[in-house]
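Residues per chain, in single letters:
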Amino acid sequence: MNRLKIISRHLSPRGSSDTTRDLQVARCGSAARDGGASGDDVVVVHGRRTAIGKAKRGAFKDTTPDELLSAVMTAVLTDVGLSPDQLGDVCVGNVLQPGAGALMARVAHFLSGFPESVPVYTVNRQCSSGLQALLNIAGSIRSRSIDLGLACGVESMSLRSVGNPGDLSSRLMDNDKARDCIIPMGITSENVAERFGVSREKQDAFALSSQQKAARAQGSGRFDQEIVPVAVTMVDSDGRERQVMVSKDDGVRAGTTMEGLSKLRPAFKPDGSTTAGNSSQVSDGAAAVLIGRRSAVEALGLPVLGVLRASAVVGVPPDVMGIGPAVAIPAALQQAGLTVDDVDVFEINEAFASQAVYCVEKLGIPMEKVNPNGGAIALGHPLGCTGARQVMTLLNELQRRGRRAFGVVSMCIGTGMGAAAVFEYPGP
């Protein structure tokens, strides 16, 4: 059976028939291709993010995640003149905080001046948590539970480590797939490189391109409209405090060269090809995206920056988790009735250059369409934040192009999954 048909059936709502699902996909695809607008469309209104700081040594190393989250939540609503009590729900993606950050999110909620009547919850789908928060809010809008919601993502990798797997059964060692779920992410990158023949040279070339594109974007001010300047207190090695206004991503290295990248040692195995230079940076940051039902958004006089046209989350083998976008992107495009050729920009998270290169080549995506402003290798990858950050980077880029356009946000997910979402910029 065709792989995409299997995925489509797997994602069908429980109790619905394949025929119903096919009709839903056809309607969605027709709307995407033809640019049709419905009052029930889930639309993106606005979003902001913090700069992204290097974990443990960057601008946010001493800043708690609730403060980062509060900064973006407040900024988004202030920018559009919306009162927080008009929100139906708030969902926050987070990976490393205890309980997926449920307490942290409610604290940020009150620090932002939100009333107690507005609910908030968190979600952890690892590297896709920020995107999953948006998809969760979208689901509540589609079910008519709410009209407007805030989808956020936040991570402090300075203050919390990825090293604690939690409480797991000893029986996992007796199950191959369960055991593969605890393979270090760097080793999964090596597995992708070895299994699919992604050379060190290709990985370094991809990393160099990411740094060069991010440096150009940063230098030309392309990120200014999405970054919220945040005032923080930093503590130096002698314990002295100083106040800093953070408005630029820490990790962009404009002076990166192929020669410099080629000299870096493998980070995860002696004879490997994954290095610190061709992997995503460990980072701190937050992002927030306001979405709503088109009819409610238009009634409030709010702008429509983008339309969510389709989404998919699929499973892949845990030991090569990085291939997730190569499976999730076709599934989402099928729902939207689009092909790779119809898409103007792909924001594919650069967890590792090995997996990003594989996915791009597997799907036949022209490199000029991939992460035109750089990706996580240059900007950083605050786990819970990244998906929400990608949505805003994508839609701002499509808006700059000044015409109707389509974009895709996608990422691989630890333990073996991939996620993707298709957005339309409707035009000026």
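Above this text sits the structure in question.
How each quantity is defined
- Residues numbered from 1 in each chain as written.
- Predicted model: local features only at pLDDT ≥ 70, side-chain atom pairs only at ≥ 80, totals over all residues.
- Heavy atoms only, no water.
- Helix = DSSP H or I, 4+ residues; strand = E, 2+ residues; numbered from the N terminus.
- Rg over C-alpha atoms; globule rule 2.2 N^0.38 Å.
- Buried < 20%, exposed > 50% of the residue type's maximum accessible area, 1.4 Å probe, protein only.
- Contact = heavy atoms within 4.5 Å.
- Areas by Shrake-Rupley, 256 points an atom, 1.4 Å probe, with all protein chains shown as cover.
- Lys, Arg positive; Asp, Glu negative; His and termini not counted.
- Charge placed at Lys NZ, Arg CZ, Asp CG, Glu CD.
- Phe/Tyr/Trp six-rings, centres within 6.5 Å; stacked < 30°, edge-to-face > 60°.
- Pairing = 2+ DSSP bridges.
- Core = buried A, V, L, I, M, F, W, Y, C linked by side-chain atoms within 4.5 Å.
- Patch = residues over 30% accessible without salt bridge, like charges linked within 9 Å, V, L, I, M, F, W, Y side chains within 5 Å.
- Salt bridge = Lys/Arg side-chain N within 4 Å of Asp/Glu carboxyl O.

Peer 1: A description of the overall build of the chain should follow, citing residues and the corresponding values.
Peer 2: A tally of helices and strands in the chain yields 14 helices and twelve strands. Against the compact-globule benchmark of 22 Å for 428 residues, the chain has a radius of gyration of 20 Å, which places it among compact chains. Out of the 428 residues belonging to the chain, those deemed buried represent 57%. The contacts in the chain between residues at least 6 apart in sequence include a share of 80% that link residues at least 24 apart. A total accessible area of about 17300 Å² is found for the chain, and carbon and sulfur atoms account for 50% of it. The average position of the 44 basic charges and that of the 43 acidic charges among the side chains of the chain differ by 3 Å.

Peer 1: So what's going on with the packing of aromatic side chains? Residues and values would help.
Peer 2: Evaluated as defined, the whole model comprises two aromatic pairs. On the numbers, 4.3 Å between centres and 35 degrees between planes, the contact of F196 with Y358 is tilted. Of this pair, F196 sits in helix α7 (residues 185-196) while Y358 sits in helix α12 (residues 353-363); the two residues are 162 residues apart in sequence, bridging distant segments of the chain. Judged by relative accessible area, F196 falls into the partly exposed class, the value being 34%. Taking the relative accessible area as the measure of exposure, Y358 reaches 12% and is therefore buried. Measuring from centroid to centroid gives 6.3 Å for F268 and F352, while their planes differ by 80 degrees, and the two rings are edge-to-face. Of this pair, F268 sits in the loop between α9 (258-262) and β8 (283-293) while F352 is found in the loop between β10 (345-348) and α12, placing the two residues 84 residues apart along the sequence.

Peer 1: Talk me through the pairing of strand β7 (residues 241-246); I want residue IDs and the actual numbers.
Peer 2: Where strand β6 (residues 230-235) meets β7, six bridges bridge the pair, whose relative direction is antiparallel. In the sheet register, A231 faces β7, and the bridge partner there is M245. Once β6 ends, the chain turns through five residues before running back antiparallel as β7, passing G239 with a positive phi of about 85 degrees.

Peer 1: Can you lay out the nonpolar core for me, pointing to particular residues and giving the numbers?
Peer 2: L69, L87, V90, L150 and L290 are the most contacted members of the largest nonpolar core, which totals 48 residues. Considering each element in turn, this core owes the most residues, nine residues, to helix α3 (residues 65-80). Residues within four places of L290 in sequence aside, it is in contact with V43, V44, V45, H46, V76, L77, V80, L82, L87, G149 and L150.

Peer 1: Outline unusual backbone geometry, supporting the account with residue identities and numerical values.
Peer 2: The phi torsion at Q126 lies on the positive side, around 50 degrees, for a residue other than glycine. Its location among the elements puts Q126 in the loop between β4 (120-123) and α5 (129-142). Overall, Q126 belongs to the partly exposed group, its relative accessible area being 28%. Phi is positive for T415, close to 80 degrees, though the residue is something other than glycine. Relative to the helices and strands, T415 resides in the loop between β11 (405-413) and β12 (417-425). Classification of T415 as partly exposed rests on a relative accessible area of 28%.

Peer 1: I'd like a rundown of a nonpolar patch on the surface, residues and numbers included.
Peer 2: Together, L103, V107 and L111 make up an exposed nonpolar region whose accessible area comes to about 280 Å². When you line up the elements, V107 lands in helix α4 (residues 102-111). Its relative accessible area of 31% is what places V107 among the partly exposed residues.

Peer 1: Any chance you could break down the pattern of salt bridges for me, citing the residues and the numbers?
Peer 2: Side-chain pairs of opposite charge can arise whenever the charged atoms involved come near each other. Per the stated rule, a full pass over the model turns up 24 salt bridges. A salt bridge links R294 to E298; the nearest nitrogen and oxygen atoms lie 3.8 Å apart. Residue R294 and its partner E298 are both found in helix α10 (residues 294-299); the two are separated by four residues, about one turn of the helix. Using a relative accessible area of 10% as the deciding quantity, one classes R294 as buried. Judged by relative accessible area, which is 48%, E298 ranks as partly exposed. Between R309 and E424 there is a salt bridge, and its shortest N-O distance comes to 2.8 Å. Highlighted residues: R309 in strand β9 (residues 306-315) and E424 in strand β12, separated in sequence by 115 residues. E424 carries the same exposure label as R309, and that label is buried. Overlapping salt bridges bring together D41, R294, E298, R309, R404 and E424 as one network.

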